[in-house]
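Summary of the model geometry
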Amino acid sequence: MTFRIYDTMTRGLVEFQPKDPGVVRMYNCGPTVYSSPTIGNFRSFLMADLLRRHLEARGFTVHQVMNITDVGHLTEDDIEQGEDKLVAAARRERVDPFEIARRYEKEFFEALEILHFRKAEEYPRATEHIAEMIEMIQGLLDKGHAYRVGGNVYFDEESFAGFGKLSHKNLDELLEGARVAVNEEKKDPRDFALWKTDEKHLMQWDAPWGRGFPGWHIECSAMSRKYLGDELDIHTGGEDNIFPHHECEIAQSESFTGKKPFVRYWVHCRHLLVEGKKMSKSLGNYYTIQDLVREGWTGREIRVALGRVHYRQPVNFTKESLAEARKGLQRIHEARARLLRIAKGLEEAGEEALGPRLENAREEFGKALDEDLNISAAMAVLFELVSLVNRSKPSRRGAEEALALFRAFEDWTGMVGEEPEVQSDEEGFVWMADAEDPKRSEVLGLAKERAMAKAKKDYQRADEIRDQLARMGYRLVDTAEGIRIEKV
Ligand SMILES: [Zn+2]
């Protein structure tokens, strides 16, 4: 097995090999928590989640860090112009910027759960790492990579030879990009702010250069270093992060640590279109994850509609694509329900062992993802598996093995869904409500507790639990295959 990934720095597919065998240090540029998380924000996060799942499926231990930007992200990604996004939102909503940050951070974490993300090891907040940023800025000053003008500190581009190497921009293009913001203070238009002293800013901290706030770029350099060390294996983001954000991160980190490269593989995903256009509030194609859930779409459907296209291709997110995702998931669900009935002896089994064809599907699925996370090819393998299952008469063992493969594909991508009815091994419960029901584990727990109470002849407790479940809207039905849990 060889996993190949497209590296923005070298502009090509490269064989993935982490610095330390078996361990992957991955940093993902996370959300700026100044508004509700939209579908547009989630494409690069979903790519990172798929990357993590694939690496884990291939036996790597992944240490994943995704930052929470809760200060310093300016509207033009440029500290000289534009207002801080957090501060602007706080002004608009007339509340404390920290309150804004916590509110939208909470929504972000909810959205991660809705979309079935695997949890990163760390989600550091910028506002809780000001000391690390100050240390790094001071270090850059000491080493001659930064300079002060009054209370402001700028990175000195002259001092770093590699600027532009990630975005492949030449000096003219870099100057062109910087020309929008003419700032007399800076030695070179390409220089960018590390610290800004600003008495009017609503979020301020003490620093040796004056009370103020950090630039957005320094936060990722400081936090990735704290949690993952000087050299990362993978750094991800959206394509709009390449310049200037990631270019600046490289300049800061490599200048500070003296180690190269800061990142072994740079992975960026293309932007997202919604209903064929760039997402914007004025075009009416602006969806938050929670909006879509209120409209009745499940997290799984949103995840599939968002994640079905290869990350380096543009994806058009539409209501039709959600409906298509729903249909596809339903097809998978029905095929698995039939397999489950066969496996449990509720439907007549056939003779087909399926074995080698299942092995072949597993291999093809992995091969697709090994080739630069080609999810659309992997999904094609998944639906071939559905067709294979539907047109065969599997033996009981064949059905069990096919079910295991669906579970493996779900674990690998999160795009397959839960098994339709889940029977826990000893207790003999059959879950008949929605697989994504948020009360599921609570209800199953109570049902198990009731079974134990009955076994101990504590009928009063058993009845109490039955009534409690009824109030929650669930009913237990004894059947030959076990106790069925139904939603009333
Ligand atoms: Zn970042």
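Residues numbered from 1 in each chain as written. Predicted model: local features only at pLDDT ≥ 70, side-chain atom pairs only at ≥ 80, totals over all residues.

Quick look at the pairing of strand β4 (residues 61-66)
Here is the rule: When DSSP finds at least two bridges between two strands, those strands are taken to pair. Secondary structure counts use DSSP, requiring at least four H or I residues in a row for a helix and at least two E residues in a row for a strand, with both numbered from the N terminus. Whether a crossover is right-handed comes down to one check: with the strands pointing away from the viewer, does the path from the first strand over the helix to the second run clockwise; if it does, it is right-handed.
Pairing of strand β3 (residues 23-28) with β4, which is carried by 6 bridges, proceeds in the parallel orientation. Opposite M26, over in β4, you have Q64 as the bridge partner. You can see the chain leave β3, run along helix α1 (residues 42-57) and come back into β4, and the turn it takes is right-handed.

Let's talk about the packing of α1 against helix α9 (residues 299-307)
Defined as follows: All axes are obtained by fitting lines to C-alpha atoms, using only the stretch in contact for helices, and the reported angles, taken between N-to-C directions, cover 0 to 180 degrees. Our angle categories are set so that under 35 degrees counts as roughly parallel, over 145 as roughly antiparallel, 65 to 115 as roughly perpendicular, and the remainder as oblique. Any pair of residues counts as being in contact when their C-beta atoms, constructed from backbone geometry, are within 7 Å of one another.
Running from amino to carboxyl end, α1 crosses α9 at an angle of 95 degrees, the nearest separation of the two axes being 10 Å. With respect to each other, α1 and α9 are oriented roughly perpendicular. Across the interface between the two elements, F42, R43, L46 and L50 of α1 pack against R303, L306 and G307 of α9.

Quick word on the nonpolar core
Basically, it comes down to this: Core membership is restricted to buried Ala, Val, Leu, Ile, Met, Phe, Trp, Tyr and Cys residues, and these are joined into a nonpolar core through C-beta atoms within 7 Å. Here a residue counts as buried when 20 or more other C-beta atoms fall within 10 Å of its C-beta, as exposed when 12 or fewer do, and as partly exposed in between; the C-beta atoms come from the backbone. Marked domain ranges trace back to an automatic or database domain assignment.
Within the largest apolar cluster, 119 residues are counted, with the highest numbers of intra-cluster contacts made by L86, I137, L194, L339 and A402. Looking at which domains feed residues into this core, each of domain 1 (4-269) and domain 2 (292-413) gives three or more.

Some remarks on the sheet that holds strand β12 (residues 277-278)
The strand order across the open sheet formed by 3 strands is β12-β11-β13, and the pairing between neighbours is mixed. Each end of this open sheet is capped by a strand with a single partner; those strands are β12 and β13 (315-317). Relative to β12, strand β11 (residues 272-274) is paired through 2 bridges, and the arrangement is antiparallel. When the sheet's bridge partners are listed, L273 is paired in β12 with K278.

Re the packing of α9 against helix α10 (residues 319-343)
As a reminder, the rule being used: Two helices crossing with the near one rotated counterclockwise from the far one by less than a right angle form a left-handed crossing, whereas a clockwise rotation gives a right-handed crossing. Any residue outside Ala, Val, Leu, Ile, Met, Phe, Trp, Tyr, Cys, Pro, Asp, Glu, Lys and Arg is labelled polar, Gly included; the first ten of those are nonpolar and the last four are charged.
As a packed pair, α9 and α10 sit with axes 8 Å apart at the nearest point and diverge in direction by 115 degrees. It follows from the interaxial angle that α9 and α10 lie roughly perpendicular. Here α9 runs over α10; the crossing is right-handed. Facing α9, whose interface residues are R300, E301, I302, V304 and A305, α10 presents S321, L322, A325, R326, G328 and L329. Within the contact of α9 with α10, the residues separate by chemical class into 6 nonpolar, 2 polar and 3 charged.

Topic: the domain arrangement of the chain
Under the domain assignment, the chain is made up of domain 1 (4-269), domain 2 (292-413) and domain 3 (429-487). Each of domain 1 and domain 2 has a C-alpha centre, and the two are 36 Å apart. The interface is formed by 18 residues belonging to domain 1 together with 19 residues belonging to domain 2. For the side of domain 1 that touches domain 2, the class distribution of residues is 13 nonpolar, 2 polar and 3 charged.

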